[in-house]
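# Chains, contacts and geometry: an overview
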Amino acid sequence: MATASDPITLALTGALPAAVSAGALLAYPVARLLLRLYHRSVARSMASGSGVATDAGPAHAPPATPPPAALQIVYAHREGSAADASLPARTDLAHLLRAPWLAAAVYAVAGGVFAGTMTAGWLVATRDSAIVTTKVLVLFWTYLWPAVLTVNIVAAFGRSRWAMVCAYSGVLLVFIIVALARNPSMGGRDLPLYWLITNGPPTLLLAAYLTRRIRAVGPMVLAFMVLSLTGSQVLVSVAKASEAVLRFIVDLALRAGLGATQGFWGMMLVGLLTFAVLGWFLLKWLGRLYERKRLSDQTLTIDALWLVFGMVHSIFLAFEGWQWFFTGFVALAAFKASTMIGFSLLRAATRPAPRTLLLLRVFALGARSERLFDLLRRHWLRLGNITLIAGPDLLTTTVEPHEFLGFLGGKLSRQFVRDRADLDRRISGMDTATDPDGRFRVSEFFCRTDTWQMTMRELAARSDAVLMDLRSFSPSNRGCLFELGELLNSVDLDRVVFVVDSTTDRRFLETSLAGLWHNVSIASPNRTRRSPAARLLELAPQLTKTTLSRLLTGLCTALELDPIGPARDQGVSWAP
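Computed from a predicted model, the values in this text were never measured in an experiment.

## Quick look at helix H17 (residues 478-490)
Because an α-helix packs 3.6 residues into every turn, residues spaced three or four apart end up facing the same way. Between its first and last C-alpha, H17 extends 19 Å over 13 residues, near the 18 Å set by a 1.5 Å rise per residue. Burial within H17 is extensive, with 10 of its 13 residues counted as buried. Those residues of H17 lying buried are Cys-480, Leu-481, Phe-482, Glu-483, Leu-484, Gly-485, Glu-486, Leu-487, Leu-488 and Asn-489. Of the surrounding elements, those touching the buried residues of H17 are strand S2 (357-361), helix H16 (452-461), strand S5 (465-469), strand S6 (496-500) and helix H18 (506-518).

## Notes on unusual backbone geometry
Backbone geometry places Lys-293, a non-glycine residue, at a positive phi of 65°. With respect to the helices and strands, the residue Lys-293 is situated in the loop between helix H9 (260-291) and helix H10 (297-317). Given a relative accessible area of 18%, Lys-293 falls into the buried group. If you check the backbone angles, Ser-472 has positive phi at about 70° while not being a glycine. Among the secondary structure elements, Ser-472 is positioned in the loop between S5 and H17.

## Some thoughts on the pairing of strand S7 (residues 533-538)
In terms of burial, S7 is a largely internal element, five of the six residues being buried. Examined bridge by bridge, strand S1 (residues 72-76) and S7 share five bridges and lie parallel to one another. In the strand pairing of S7, Val-74 is matched with Arg-535. Bridge count between S6 and S7: three bridges; the pairing is parallel. Looking at S7, one finds that Phe-498 is bridged to Leu-536. In the classification by handedness, the crossover that spans S6, the intervening H18 and the parallel S7 is right-handed.

## Some details on the environment of Phe-446
Relative to the elements of secondary structure, Phe-446 occurs in the loop between strand S4 (442-445) and H16. The exposure class of Phe-446 is buried, given its relative accessible area of 1%. With 51 residues separating them along the chain, Phe-446 and Leu-395 place their C-alpha atoms 9.9 Å apart. The contacts of Phe-446, once residues within four sequence positions are left out, are Tyr-38, Val-42, Met-46, Ala-390, Leu-395, Glu-403, Gln-415, Phe-416 and Val-417.

## Section: the packing of aromatic side chains
The final tally for this structure, using the stated rule, is 17 aromatic pairs. Arranged with centres 6.3 Å apart and planes meeting at 20°, the rings of Tyr-107 and Phe-335 form a pair that is stacked. Residue Tyr-107 is found in helix H2 (residues 87-126), and its partner Phe-335 is found in helix H11 (residues 327-348); the two are separated by 228 residues along the sequence. Here the two residues Tyr-107 and Phe-335 agree in accessibility, since each one is buried. Among the aromatic residues, ring-to-ring pairing joins Tyr-107, Phe-114, Trp-306, Phe-335 and Phe-343 into one connected group. Above the ring of Tyr-290, the side-chain terminus of Arg-441 is found at 3.7 Å from the ring centroid. The residue whose ring lies beneath Arg-448 is Phe-416, and the NZ or CZ to ring-centre distance is 4.6 Å.

Rules used throughout
Residues numbered from 1 in each chain as written. Predicted model: local features only at pLDDT ≥ 70, side-chain atom pairs only at ≥ 80, totals over all residues. Heavy atoms only, no water. Helix = DSSP H or I, 4+ residues; strand = E, 2+ residues; numbered from the N terminus. Expected span 1.5 Å × (residues − 1). Buried < 20%, exposed > 50% of the residue type's maximum accessible area, 1.4 Å probe, protein only. Contact = heavy atoms within 4.5 Å. Pairing = 2+ DSSP bridges. Right-handed = clockwise from strand over helix to strand, strands pointing away. Phe/Tyr/Trp six-rings, centres within 6.5 Å; stacked < 30°, edge-to-face > 60°. Lys NZ or Arg CZ within 6 Å of the ring centre and 35° of its normal.

These results come straight from atomic positions and should not be treated as a statement about function.
Structural data, given as structure tokens:
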């Protein structure tokens, strides 16, 4: 073991943990504050006009007579299965349900590589001659814990998340029982305590920063704060390690008229500011990597997770010698190489043609909107991109790294659609390629009061399927009435899935649809249908696996239309 007087070891096992702890405590309120300021700034811009004359788009020709057939309102039951869907819909549905778990499997295998590297590093660093199978298994399984958190982020939700934790804990318990049976002299609390010391602190830390409320920017802010506070200790540690450096700093402090205490705080301040500048350039570099599609928002979060665990695990190894601190970084590099290989194999596999989903919603849904969007993002982004108009309900959930950095740099106004030409440019340049992890992206359009209607119209015309979340819909949602009218006038209803629940004012919704249908445009693809129908899917209060399957089935059925083909005469059946 390294001697206690080794200044590098002291810094890695004392100053670094202190910097991480202080950075974690400070980063959370800072992230919340920055997101609140971001939310307020975007909301204020949304409520204002662009100040530029905008083209409202082509006017719908007024009908001389009502449509020949009445619009049917069909409620799809929550019960039932996807068995009634067509073969293409079932194929897309199978991909949507399977793809996140395939990605989770890639991360789990890469986590095994990480755990194996850390286990090997521990055995070599401690020079343990009594290598037994149970010890190796316990070490490996302890280092594999981040894989459970990763799988829960990528694929699992609801009860399946707890099932993953219970399965992992069950295997760990078996390993501990076997180890105790073979080593009666070992204390019954030793191995569980070792696991808690090794994995407890980073788990609690990440539990705060991976919540939906700040997950979009939490890892970035945490990395910046930890790096800055680490910098405050670097110069002090270097001065302690070198007498020449210490004398030089003392001379500078004396010439500046500073005392010993002031000189000490000055060293910390210089180190903090220096590393803060480095941290800002690091964030800008990550933002550029994101814009160049070298990483995704999900890989950024997952890489931050494994980096935190690698650093914490390595701090314990640093007691055996400061050079062992880099074991975690070697393990992280092995993890990244494994994921790159795994995702390249997944990309080579056959997958359905990419499809675009437009998400419309009542902005007042709050957390309910976030939960549904999380499920859509987890699954649909494995099939195609999601487009939506930015709203106050999802602002802090959908914020992308470069958007957040643009806000911090005072360039938020560049994100907003200015006029028709700007909208056409943004749509033509919309990102439709996959990220390295095989996911598509969310294309969020920031609009002002005089640009959102033309944006919605253009996005609807270019989408393969439309999901309109009408939970909490009421007479106060005038914007939704415009969107309903545009869908009836311009989009084949077979492409549209409406979502409702017990909070939807159904009488007002049905009355509104009937009134809008009575005046539907003569150019509407729905007007000449023999049995035009608006299909409403009722969501349960809790989003379960069954509910998810029903929702994705409806969306996959909506994809059956040829993207540029004529409207069909018969309706689509998805278990009404």
